[in-house]
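# Observations on chain architecture
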Amino acid sequence: MTKIAHYDYIVIGAGSAGSIVASKLAASDESVSILLLEAGGTPDNEKMWTPSNWFEVLQKCPEIEWGYQSVPQPNLNNRVIKLAQAKVLGGCALHNAMVYVRGSRSDFDAWGKVAPGWSWNDVLPHFQNVEQIMKVLTGEASEFINDLFTAAAQYGLPHNPNYNTSESQYGYALFQFNVTGVFNLIRETTYSTFQPEQYHNVTVHPMAFVTRILFEDTRAIGVEYVKERQQHLAYIHNEIILSAGAIASPKILMLSGIGDENELAKFDISVVANVPEVGQNLYDDLFVSVGFSIPQNKDVPFYDYGLAPAVIFASTENSSSVIDIESSVGVGTLKGFPGPERSFWLWPNIMHLKSRGTVTLRSSNPNDTPMIDPGYLTALGDIQMCKTALQLGIDIGNQLGLSQWRLKQIAPETGADLETYIRETADTTHHYCRTCRMGTDRDSVVDTELRVRGISGLRVIDSSVFPLSITANTAAATMMIADKGVDIIIRSLQC
Ligand SMILES: Cc1cc2nc3c(=O)[nH]c(=O)nc-3n(C[C@H](O)[C@H](O)[C@H](O)COP(=O)(O)OP(=O)(O)OC[C@H]3O[C@@H](n4cnc5c(N)ncnc54)[C@H](O)[C@@H]3O)c2cc1C
């Protein structure tokens, strides 16, 4: 028998965004009732909470994974790329690298041009709100990191005391992480820190798989979900907030009848609103790898984080005003590290690539994974950006400053063809976004108040609404969107 319930708000997805949305809405008005639905369960495996286990968690915790993968990518030697996405209370913050990067003033000023109200001055207070609750810890230098910084300086880059608060991100810096604790560091997620279940007016249902949103004409009225093999219907008085992430949010919209009407027709899904860009514009960064073996007379450094606590922001145009490389650093002692123990690696992540992809349905069955084509390296110029970034990694890694740590360059092999190497090894940085992009134009999926076009009672608040790519990993901006999104909801009630 179908179970039926009523709430003021339903939030779909307890990830980076949804956990903030439910908690902040609950705190704003004790009299409203909120249902938070999450397909995954409680993260009860202790090892997930230790930051230095990051690589191991990614490989050995399939119980918190959706198991997504791309369609074969012709420009990456037809490789199928594993697209990690977490299915757990806390979402991708349970298996991400925890690095905290806001993005640049110019990123958000560009957002403000296509989505008024989202420029730097508009979003900064929301980053600061999040930072008052989520701990942001700056890593400590060590002999290896000091030598790496010397190498970056020898390459010609400046020291940056704090890439989040300096006027520019450019240069080498200590990485900042969403971790907490003093002696024993612990991973933070917005679910563990904001704790939506502490509010008496929030009902959290883990293991609740949302299959579709229900409508009366074009008004969202409720949600259909499955929990413990039983179908449930939950209805709303106010609004549904979709926070299922950049892959699942467009999937749920399409299954519910919001998308390109021609696509929906293929699967006999009744059209509620023809919004052709749902699932389009999928953006992701790629990273390339440069590895070096470490001589026997040096102890391989060990770090308490998922990565070495150092980052290099640089430019494929060698210009401090065009920042599109963010190189993270790895060492072989990281648990589960996918390389030799006696090695260190530079991983230039290339941002603001031009290629775009899609998330489309495979069928009308909610249990089927969506078809994900990130379209890597399909745009002219992207391969050249990757080559320049790879060369930067090679050049910094071979500077004199790192000589005591460097036995030999092991990847790419000296003299290898860089383009071939990139096509064989470049990989996702898991920065999926833009599949429900925000804007003022008619083709955007949500407006600047995050309302789905042509629909009432439904907003999308997560990484899918990014209007443009950013010069950063995507968690910080997603949390900012959640904080600002709730303010927008509260304000709309006062009008
Ligand atoms: C491996 C990896 C490493 C990363 N490293 C970093 C990093 O170091 N720093 C950084 O800034 N960013 C990083 N990111 C990106 C960042 O974690 C994400 O951008 C961010 O967490 C996205 O938040 P979200 O709320 O949009 O989605 P998510 O956090 O993915 O939350 C969506 C939630 O919705 C749930 N859901 C989906 N479908 C349904 C359904 N049908 N019914 C019910 N619930 C559903 C999911 O289970 C999930 O819990 C990384 C991502 C990955 C995958």
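The structure reproduced in this document is the subject of the present report. Think of each chain on its own: its residues are numbered from 1, step by step along the sequence as written. Confidence filtering applies because this is a predicted model: local features only for residues at pLDDT of at least 70, side-chain atom pairs given and counted only at 80 or more, and all residues used for totals across whole chains, interfaces and linings.

It is worth spelling out the overall build of the chain at this point. Of the regular secondary structure elements, the chain holds eleven helices and 23 strands. Every radius of gyration here is taken over C-alpha atoms, with the globule rule written as 2.2 Å times N^0.38, N being the number of residues. Scaling as 2.2 N^0.38, a compact globule of 495 residues should have a C-alpha radius of gyration of about 23 Å, and the chain matches this with 22 Å. Exposure criterion: with C-beta atoms placed from backbone coordinates, a residue whose C-beta has 20 or more other C-beta atoms within 10 Å is buried, one with 12 or fewer is exposed, and one in between is partly exposed. Taking all 495 residues of the chain together, 53% fall into the buried category. For the chain, contacts bridging at least 24 residues in sequence account for 72% of all contacts bridging at least 6. Strands here are runs of E lasting at least two residues and helices are runs of H or I lasting at least four, both read from the DSSP assignment and numbered beginning at the N terminus. We call two residues in contact if the C-beta atoms placed from their backbones are at most 7 Å apart.

Another point: the packing of helix α4 (residues 120–133) against helix α11 (residues 475–494). Fitting a line to C-alpha atoms yields each axis, with helices limited to the stretch in contact; the angle taken between N-to-C directions then spans 0 to 180 degrees. Following both chains from N to C, one finds α4 and α11 inclined at 100 degrees, their axes separated by 8 Å at the closest point. Judged by the angle between their axes, α4 and α11 are roughly perpendicular. Facing Val123, His126, Phe127, Asn129 and Val130 of α4, the residues of α11 in contact are Ala476, Met479, Met480, Asp483 and Lys484. Among the residues making up the contact of α4 with α11, the classes are represented as six nonpolar, two polar and two charged. Reported orientations rely on four angle classes, namely roughly parallel under 35 degrees, roughly antiparallel over 145, roughly perpendicular from 65 to 115, and oblique for the rest. By the convention adopted, Pro, Cys, Tyr, Trp, Phe, Met, Ile, Leu, Val and Ala count as nonpolar, Lys, Arg, Asp and Glu as charged, and the other residues, Gly among them, as polar.

Bringing helix α9 (residues 382–397) into the picture now. In this analysis, the expected span of each helix is defined as 1.5 Å times one less than the number of residues it contains. Counted at 1.5 Å a residue, the expected span for α9 with its 16 residues is 22 Å, and the 23 Å between its end C-alpha atoms agrees. Those residues of α9 that sit buried are Asp382, Ile383, Met385, Cys386, Ala389, Leu390, Leu392, Gly393, Ile396 and Gly397.

Right, let's talk about the site of the ligand for a bit. Residues are classed as near a molecule or strand if the C-beta position derived from their backbone is within 6 Å of it. Looking at the ligand, there are 42 residues lining it, with Gly13, Gly15, Gly91, Asn473 and Ala475 nearest. Taken together, the elements giving at least two residues each to the shell around the ligand come down to α1 (16–28), β9 (208–216), α7 (245–255) and α11. Ranked by residues supplied to the shell around the ligand, first place goes to α7 with four residues. By residue class, the composition of the shell around the ligand is 22 nonpolar, 17 polar and three charged.

The term nonpolar core refers to a group of buried residues, namely Ala, Val, Leu, Ile, Met, Phe, Trp, Tyr and Cys, whose C-beta atoms join them within 7 Å. One finds Ile10, Ile12, Val21, Ile34, Ile240 and Cys386 to be the most contacted residues of the largest nonpolar core, which totals 160 residues. Per element, the largest residue contribution to this core is nine residues, and it comes from α11.

Let us look at unusual backbone geometry. Here the residue pair alanine 411 and proline 412 is connected by a cis peptide bond, since its omega of -10 degrees sits within 30 degrees of zero. Looking at where proline 412 falls in the secondary structure, it is placed in the loop between β21 (408–411) and α10 (418–425). Despite not being glycine, histidine 352 shows a phi value in the positive range, around 60 degrees.

Here, any two strands with at least 2 DSSP bridges between them count as paired. Where strand β1 (residues 3–12) meets strand β11 (residues 230–242), nine bridges bridge the pair, whose relative direction is parallel. Paired with isoleucine 4 across the bridge in β11 is leucine 233. With six bridges joining them, strand β10 (residues 219–227) and β11 adopt antiparallel strand pairing. In the strand pairing of β11, lysine 227 is matched with glutamine 230. Hairpin connection of β10 to β11: two residues between the antiparallel strands, including glutamate 228 at a positive phi of 50 degrees. With three bridges joining them, β11 and strand β23 (residues 458–460) adopt parallel strand pairing.

Any functional reading would require information beyond the geometric quantities listed.
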